[in-house]
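If you want the building blocks of each chain, they are given just below.
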Amino acid sequence: MTGASAGLLPAALAALPATVPVDPDRETAHRWLLEELSRSEYSTAPSLLERLLQWIADLFDGLSLGGGRFPVAFVVVVAVVLVAAIAWWVAGPVRLTRSRHRSAVVLGDDARTAEELRAAADAAAGRGDWSTAVLERFRALVRSLEERVVIDERPGRTAQEAAHDAGSRLRVVAGELHGAAGLFDDVCYGTLPARAEDDQRLRDLDARVRALRPEPLAATSGVAAP
């Protein structure tokens, strides 16, 4: 029996009722010792939570500011906020870029004419719903180009694809068409609130496009028209 065990045995014997024999054999004494050691007051090992908290405290123990130490909780919160901010900054533009490549101007089941789309834009503008007005105005512009056979009808065409196709035959407004397509994407995906001047900008562009005569297809490909 070790020295520590020998020291605990008298305590175990003292805790027993007086009717219990005080001269136990070897096996009985060993059993009494194990029972005594299993009591909670002899448990000195730190819990898992205590070890975790101590590890965090040791991790940030050396951090200080202005002569005073950072509270551990404050440091942990700041670290979490920084990680979340970096993740959002990296993932946000990627997510937005992917969405823009999928932004369809006019859905395949939308059979409205250019005039009907303009009327819908006017109605939205009349009630101050500038986002709907901008979206419908750009759709009207694209549908008008399809009706005039400036661009082919293509359900699911994106705003930038429409601007590229139309700009190749209306070069004088190609830059404005791409700008209008960017505005459509920003408003469609909620990254930019539309304003009255945005609707007016598209209204003016629509009027300019309708007054322009598109360049022949042969001229845009570098082949002289007959």
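Residues numbered from 1 in each chain as written. Predicted model: local features only at pLDDT ≥ 70, side-chain atom pairs only at ≥ 80, totals over all residues. Heavy atoms only, no water.

### With respect to the environment of V209
Inference 1: Position of V209 relative to the elements: it lies in helix α9 (residues 196-211).
Inference 2: Among the residues examined, V209 registers a relative accessible area of 2% and is labelled buried.
Inference 3: Residue contacts for V209: discarding those within four places in its chain leaves L145, R148, L170, V173 and L177. (Helix = DSSP H or I, 4+ residues; strand = E, 2+ residues; numbered from the N terminus. Buried < 20%, exposed > 50% of the residue type's maximum accessible area, 1.4 Å probe, protein only. Contact = heavy atoms within 4.5 Å.)

### So, the pattern of salt bridges
Inference 1: Going through the model one piece at a time under the given rule, you end up with 21 salt bridges.
Inference 2: In this structure, R112 and D110 form a salt bridge, with 2.8 Å as the shortest nitrogen-oxygen distance.
Inference 3: In this structure, R195 engages E197 in a salt bridge whose closest nitrogen and oxygen atoms are separated by 3.6 Å.
Inference 4: Overall, E197 belongs to the partly exposed group, its relative accessible area being 44%.
Inference 5: Connected via shared salt-bridge partners are R143, E146, D152, R154, R157 and D165. (Salt bridge = Lys/Arg side-chain N within 4 Å of Asp/Glu carboxyl O.)

### Topic: α9
Inference 1: The end-to-end C-alpha distance of α9 is 23 Å, a good match for the 22 Å that 16 residues give at a rise of 1.5 Å each.
Inference 2: Taken together, the buried positions of α9 are occupied by D198, D199, L202, L205, D206 and V209. Buried residues along α9 cover an arc of 125 degrees about the axis, so they all sit on one side.
Inference 3: Taken together, the buried residues of α9 touch α5 (114-126), α6 (130-147) and α8 (174-188). (Expected span 1.5 Å × (residues − 1). Arc of directions from axis to C-beta.)

### A closer look at the side chain of D165
Inference 1: Position of D165 among the secondary structure elements: in helix α7 (residues 159-167).
Inference 2: Only 3.5 Å separates the side chain of D165 from the side chain of H164, close enough to count as a polar contact.
Inference 3: Not counting residues up to four positions away in its chain, the partners in contact with D165 are I151, R154 and R157. (Polar contact = N/O pair within 3.5 Å; in protein donor to acceptor, adjacent residues only side chain to side chain.)

### Considering the confidence of the model for the protein
Inference 1: The predicted model of the protein averages 73 in pLDDT, with 51% of residues at 70 or higher.
Inference 2: Contacts for the low-pLDDT stretch residues 94-102, under 50 throughout, to residues beyond four places or in other chains number 9 contacts.
Inference 3: For residues 219-226, every residue scores under 50 in pLDDT, and the model assigns this stretch 8 contacts once sequence neighbours within four places are set aside. (pLDDT = per-residue confidence, 0-100.)

### Remarks on the layout of surface pockets
Inference 1: Estimates place the volume of the largest pocket at around 170 Å³.
Inference 2: Forming the boundary of the largest pocket are 15 residues, of which V106, R143, E146, R154 and P155 lie nearest the centre.
Inference 3: When its residues are assigned to classes, the lining of the largest pocket shows 6 nonpolar, 2 polar and 7 charged. (1 Å grid on protein atoms, 1.4 Å probe; cavity = no way out; pocket = protein on both sides within 12 Å on 5 of 7 lines; lining within 4 Å. Points joined across faces, edges and corners; volume = space filled by probe spheres on them. Nonpolar A, V, L, I, M, F, W, Y, C, P; charged D, E, K, R; others polar.)

### Here we look at the nonpolar core
Inference 1: F138, L145, L177, L205 and V209 are the most contacted members of the largest nonpolar core, which totals 26 residues.
Inference 2: Contributions of two or more residues to this core are made by α6, α7, α8 and α9. (Core = buried A, V, L, I, M, F, W, Y, C linked by side-chain atoms within 4.5 Å.)

### Quick word on the packing of α5 against α9
Inference 1: One way to put it is that α5 packs onto α9 with a least axis distance of 12 Å and a crossing angle of 155 degrees. For the element pair α5 / α9, the angle class is roughly antiparallel. Once α5 is placed against α9, the crossing between them reads as left-handed. Seen from α5, the contacting residues are E115, R118, D122 and A125; seen from α9, they are D199, R203, D206 and R210.
Inference 2: Residue composition of the contact of α5 with α9, grouped by class: 1 nonpolar, no polar and 7 charged. (Axes fitted to C-alpha atoms, helices over the stretch in contact; angles between N-to-C directions. Parallel < 35°, antiparallel > 145°, perpendicular 65-115°, else oblique. Left-handed = near helix turned anticlockwise from the far one by under 90°.)

### Points about the packing of α7 against α8
Inference 1: Where α7 contacts α8, the axes come no closer than 8 Å and their chain directions differ by 170 degrees. By the angle class used here, α7 and α8 are roughly antiparallel. Contacts between α7 and α8 involve A159, Q160, A163, H164, A166 and G167 from the former and A174, L177, H178, A181, G182, F184 and D185 from the latter.
Inference 2: When the residues that make up the contact of α7 with α8 are grouped by side-chain class, the tally is 7 nonpolar, 5 polar and 1 charged.

### Concerning empty space enclosed by the protein
Inference 1: Counted by the stated rule, this structure contains 1 cavity of 30 Å³ or more.
Inference 2: Lining the largest cavity are F138, L141, V142, L145, I151, A162, A163, A166 and L177.
Inference 3: The set of elements that each furnish at least two residues to the lining of the largest cavity consists of α6 and α7.
Inference 4: With 4 residues, α6 is the single largest residue contributor to the lining of the largest cavity.
Inference 5: Split into classes, the residues belonging to the lining of the largest cavity amount to 9 nonpolar, no polar and no charged.

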